[in-house]
Amino acid sequence: MVKRVLTTVLLLLFVLSPLSAIEAKTVVTPFKNEVLLSGGERLKQSVNLRNDGDSPINVSPIVFSYDPQNQALLDTSMYVFVKTDKEIFTIPARSSLNFNYEIIPPANLVPGTYFNLIVLKKELDTSFNKENISVGAIDSLSHLVVLHITDKDNAVYGISSDFALTNITIEEQGIPFIRPTRIKYIFQNITNYVLTPTGEIQVFNRKGGYPPTYYKIAGEGEKLYPGGTIEKTIEIDQIHLIDIISSRTIVGRFYNGIDENMEMVEVNQEPHYLFLGISVTMIGLLIVLIKSILEDKIKSKRKTVKP
């Protein structure tokens with residue numbers, strides 16, 4: 001579906017909007033509200049507006065559909081799910097008030113993640129232009145609402161366990177005590193949701209007596225948009241003697257950051273038979289060599305002492 005973007009990419013370091021006149025003295029708490037609802041549900045929420053200035057401020061809310069990936073406001077009224085009162089709010093000097101709103105998902109929204117931005121417009125300011133809102137103004141004078149819509153007919157309250165394609169492969173076996181093992185994991189978002197991946201890679205030996213080694217997945221806490229992929233290579237440089245003769249297990253636990261569902265991947269790294277064989281052969285040859293040298297010395301001594 002083609003979306004007509006109303007704003008260009010938001011500027012990071014310059015505050016160009018008229019909203020900047022009040023952003024330094026007005027604080028919106030919290031900046032973001034993230035909720036999980038099934039189709040047909042409604043939810044009432046509130047946000048606190050604090051005026052740290054010396055004079056009252058009049059503001060009114062304007063709700064936009066928002067594209068966080070491109071930091072743009074969108075002309076897509078069908079994706080507006082936040083309902084607010086059409087009125088002017090007065091925030092007295094050195095005080096605060098709670099602003100109420102309601103989340104009402106439209107019936108035509110398919111399961112997925114949607115974003116609405118409540119922007120606070122300073123009243124009596126005729127120069128307000130939604131096409132010139134900067135990141136500085138949005139961070140200070142807006143409230144981001146993140147809505148995850150689930151299927152109301154789903155028996156499990158969540159986004160389902162099949163939220164990603166995950167895989168772990170052993171890229172290099174490595175050489176014990178010389179070169180580390182290299183593994184690669186892939187986390188691909190296959191849903192309509194914006195995920196916040198978390199998780200870890202755990203390495204251990206079921207027959208070993210040592211504690212597991214943990215590796216956090218890359219980009220933890222960052223947003224992964226539909227179709228996006230995290231791909232990372234990890235070097236495992238810790239090895240124990242038991243790993244040479246017994247396989248060790250590599251377990252990946254991946255979470256979507258929205259509900260409690262988890263994707264788990266498990267692979268086994270086989271013992272280093274080649275390294276073990278070479279080591280045994282070298283030790284055997286070394287023993288034979290030492291034995292041969294000792295025998296030669298003994299024979300030499302006997303010849304020396306012979307009358």
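Residues numbered from 1 in each chain as written. Predicted model: local features only at pLDDT ≥ 70, side-chain atom pairs only at ≥ 80, totals over all residues. Heavy atoms only, no water.

K.L.:
Sorry if this is basic, but what is going on with the pairing of strand β4 (residues 57-67) here?
P.N.:
Residues in a regular strand point their side chains to alternate faces of the sheet. Of all eleven residues in β4, nine are buried, a share of seventy percent or more. In this structure, β4 lies alongside strand β7 (residues 89-91), joined through three bridges in antiparallel fashion. Note on β7: the bridge partner recorded for Ile-57 is Ile-91. Direction of pairing for β4 relative to strand β9 (residues 112-122): antiparallel, over a ladder of seven bridges. By the bridge assignment, Pro-61 is partnered in β9 with Leu-120. (Buried < 20%, exposed > 50% of the residue type's maximum accessible area, 1.4 Å probe, protein only. Helix = DSSP H or I, 4+ residues; strand = E, 2+ residues; numbered from the N terminus. Pairing = 2+ DSSP bridges.)

K.L.:
Just checking my understanding: could you explain the sheet that holds strand β15 (residues 229-236) for this structure?
P.N.:
In a beta sheet, neighbouring strands pair by backbone hydrogen bonds and run either parallel or antiparallel. Pairing in this open sheet of three strands is antiparallel, and the strands run β11-β12-β15 from one edge to the other. Edge positions in the open sheet fall to β11 (164-172) and β15, since each of these has one partner strand only. With strand direction ignored, the average angle separating the axes of adjacent strands in the sheet is 15°. Pairing of β11 with strand β12 (residues 181-189) involves eight bridges; the strand directions are antiparallel. Considered in β12, the bridge of Thr-166 is made with Phe-187. (Axes fitted to C-alpha atoms, helices over the stretch in contact; angles between N-to-C directions.)

K.L.:
Even after reading the chapter, I still don't get the pattern of salt bridges, so can you show me in this structure?
P.N.:
For side chains bearing opposite charge, pairing can occur when the charged atoms are close. Applying the stated criterion to the full structure yields nine salt bridges. Residue Asp-52 pairs with Arg-50 through a salt bridge whose shortest N-O separation is 2.9 Å. According to the relative accessible area criterion, Arg-50 is partly exposed, its value standing at 34%. Between Arg-206 and Glu-266 there is a salt bridge, with its nearest N and O atoms 2.7 Å apart. Taken together, the residues Arg-206 in the loop between β13 (198-204) and β14 (213-216) and Glu-266 in strand β17 (residues 262-269) connect sequence positions 60 residues apart. In this structure Arg-206 comes out as exposed when scored by relative accessible area, which is 55%. Through salt bridges that share partners, Lys-32, Glu-34 and Lys-223 make up one connected network. (Salt bridge = Lys/Arg side-chain N within 4 Å of Asp/Glu carboxyl O.)

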